[in-house]
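Chain and residue survey
Below, each chain spelled out in residue letters.
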Amino acid sequence: WLNEALSHIAEEVVGRAKRGFSDTQRLTYADVNPTPTGSTDDYNAFFRQNLLRYRSWMQRPDTSSPTSNQAGRQLAPRGAAWMLLLYASDYHSGGNMKTFLRKVVGGPDIGLRNLLQHTNAQFDDLLSGWLISQFMDGLNVAGLPARYQMQSWAVRDAMSGANNNVFPLLVTQLLPATVDTKSISGSGNYFRLTRLGASPETTFRMQSPAGGSVSFAGARVYVVRIN
């Protein structure tokens, strides 16, 4: 998965250079696909496939993970790995993407151990920042810590543009309700609870199919208030 992510970022780096964007410029959809007044050649060559692969993950984050060994055969985990590595670069490269990526390429470890070695981050922190940022980016929530917004991409703008102006991230908005789903290691599910005015307390429970408590020690719930 990390090899796939590095390969796709290499495509993007070439596209950024050709279009005159810096490695850390926060790209919008209009930046990479300047229609109807500009050519789409660069978009098709360097950006389109990455956005579409990532859209595949966004549409069903409950079925694939950026750190999956299926990345060599499936598009969704490859797209997610691309964006996860970009997020890691945004916050752990010291502002120098190319130097950071060269270190990752050089190993000497592989996969997740390699990435964590060069970010000096805990996986929980890296994953939570990435997962939360993919929904929160572009919402302009006051007081939100910087790590919950991407630096290199305007995610909500870019992904909406690549999806007929509809943000493709799957968010279950039926709460409170009983929802049957699964959560893949390294990925997550998104839920939205809407409250209007004074409302009773809501309890959130994660339970196994048999009704007992979830026993996986690595399971996490992140709660963000957006208004």
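Now for a description of the structure that goes with this document. (Residues numbered from 1 in each chain as written. Predicted model: local features only at pLDDT ≥ 70, side-chain atom pairs only at ≥ 80, totals over all residues. Heavy atoms only, no water.)

With that settled, consider the nonpolar core. Counting residues in each nonpolar core, the largest one holds 53 residues, and the members touching the most others are Leu51, Tyr54, Trp57, Leu85, Trp130 and Trp153. Every element with two or more residues in this core is listed here: α1 (2-19), α2 (29-32), α3 (41-59), α4 (75-92), α5 (97-106), α7 (123-136) and α8 (155-161). Looking at this core, the element that brings in the most residues is α4, giving ten residues. Setting aside its immediate chain neighbours within four residues, Trp130 contacts Tyr54, Trp57, Pro66, Ala80, Met83, Leu84, Tyr87 and Gly186. (Core = buried A, V, L, I, M, F, W, Y, C linked by side-chain atoms within 4.5 Å. Buried < 20%, exposed > 50% of the residue type's maximum accessible area, 1.4 Å probe, protein only. Helix = DSSP H or I, 4+ residues; strand = E, 2+ residues; numbered from the N terminus. Contact = heavy atoms within 4.5 Å.)

What follows covers a nonpolar patch on the surface. Among the surface-exposed residues, Val179, Phe191, Phe204, Met206, Val214, Phe216, Val221 and Val223 lie close enough to one another that they form a single nonpolar patch of about 730 Å² accessible area. Taking the relative accessible area as the measure of exposure, Val221 reaches 44% and is therefore partly exposed. (Patch = residues over 30% accessible without salt bridge, like charges linked within 9 Å, V, L, I, M, F, W, Y side chains within 5 Å. Areas by Shrake-Rupley, 256 points an atom, 1.4 Å probe, with all protein chains shown as cover. Salt bridge = Lys/Arg side-chain N within 4 Å of Asp/Glu carboxyl O.)

Attention shifts here to helix α6 (residues 111-119). Within α6, the full set of buried residues consists of Gly111, Asn114, Leu115, His118 and Thr119. Down the axis of α6, the sector holding all buried residues measures 120 degrees, keeping them to one side. Along its buried surface, α6 packs onto α1, α4, α5 and α7. Of the residues trailing α6, Asn120 is marked for its positive phi of about 55 degrees. (Arc of directions from axis to C-beta.)

What follows deals with the side chain of His8. Tracing the chain through its elements places His8 in helix α1. A relative accessible area of 3% places His8 in the buried class. Among the polar contacts listed, one links the side chain of His8 to the side chain of Arg53, at a separation of 3.1 Å. If we ignore the near neighbours within four places in the chain, the residues touching His8 are Asn50, Arg53, Arg78 and Trp82. (Polar contact = N/O pair within 3.5 Å; in protein donor to acceptor, adjacent residues only side chain to side chain.)

Relative to the elements of secondary structure, Lys103 occurs in helix α5. Setting aside its immediate chain neighbours within four residues, Lys103 contacts Asn114 and His118.

A cis geometry characterises the amide bond from Gly107 onward to Pro108, with omega recorded as 10 degrees. Topologically, Pro108 is positioned in the loop between α5 and α6. A positive phi angle is found at Asn164, which is not glycine, with a value near 55 degrees. Its identity is not glycine, yet Asn165 carries a phi of approximately 65 degrees, on the positive side. As for its placement among the helices and strands, Asn165 is situated in the loop between α8 and β1 (172-175). For Asn165, a relative accessible area of 66% corresponds to the exposed category.

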